[in-house]
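Here is what each chain is made of, one letter per residue.
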Amino acid sequence: MRWLTDDAGRRWAAERVGRTSGMIATKKTKSSFPEPADIIRFTCESDKGEPAREVTTRAGLLEQLTESELKALLNIAPRAP
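Here the structure is a predicted model, which is why all the values come from computation and not from measurement.

Student: What's the story with the pattern of salt bridges in this structure? I'm lost.
Tutor: Two side chains with opposite charge may pair up if their charged atoms get near one another. On inspection of all chains with the given rule, the structure shows eight salt bridges. A salt bridge links Glu50 to Arg10, with the nearest nitrogen and oxygen atoms 3.0 Å apart. Taken as a pair, Glu50 in the loop between strand S3 (37-44) and strand S4 (53-58) and Arg10 in the loop between strand S1 (2-5) and strand S2 (11-19) lie far apart in primary sequence, 40 residues in all. The exposure class assigned to Arg10 is partly exposed, which follows from its relative accessible area of 24%. Taking the shortest distance from any N to any O, the salt bridge between Arg53 and Glu50 comes out at 2.7 Å.

In structure tokens, the structure reads:
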């Protein structure tokens, strides 16, 4: 789990909650086989009224993402189902 603060000053927890199989391509490519992707869930700890958000990103360790990369993912993440 990683912690970050957004531009509005809210504190978010980011955690990997799953991984896609890679069997369904998220982008159409001619020559490469789809790769697995991690599912990252963002939960606002400072504002419980803020809905959780989820986004997929390249598979790997959550610790390898920089804080700016995490913020960028948070900004594009839609609300979790």
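Student: Quick question: what am I supposed to make of the side chain of Asp38 here?
Tutor: Position of Asp38 relative to the elements: it lies in strand S3. According to the relative accessible area criterion, Asp38 is buried, its value standing at 2%. Looking at Asp38, its side chain comes within polar contact range of the side chain of Arg19, at 2.7 Å. From its side chain, Asp38 meets the backbone nitrogen of Gly60 in a polar contact 3.0 Å long. For Asp38, the residues in contact, after removing those within four places along its chain, are Arg16, Gly18, Arg19, Val55, Thr56, Thr57, Arg58, Ala59 and Gly60.

Student: In this structure, what is going on with the sheet that holds S3? I would like to understand it.
Tutor: The strand order S1-S2-S3-S4 describes an open sheet built from four strands, whose pairing is antiparallel. Each edge of the sheet is formed by a strand with only one pairing partner; in this case those strands are S1 and S4. Along the sheet, successive strands turn relative to each other by an average axial angle of 35°, direction set aside. In this structure, S1 lies alongside S2, joined through four bridges in antiparallel fashion. Following the sheet pairing, Trp3 is matched in S2 by Ala13. Packing of helix H1 (residues 67-76) onto the sheet brings it into contact with S1, S2, S3 and S4, and relative to S1 it is tilted by some 75°.

About the criteria used
Residues numbered from 1 in each chain as written. Predicted model: local features only at pLDDT ≥ 70, side-chain atom pairs only at ≥ 80, totals over all residues. Heavy atoms only, no water. Salt bridge = Lys/Arg side-chain N within 4 Å of Asp/Glu carboxyl O. Helix = DSSP H or I, 4+ residues; strand = E, 2+ residues; numbered from the N terminus. Buried < 20%, exposed > 50% of the residue type's maximum accessible area, 1.4 Å probe, protein only. Polar contact = N/O pair within 3.5 Å; in protein donor to acceptor, adjacent residues only side chain to side chain. Contact = heavy atoms within 4.5 Å. Pairing = 2+ DSSP bridges. Axes fitted to C-alpha atoms, helices over the stretch in contact; angles between N-to-C directions.

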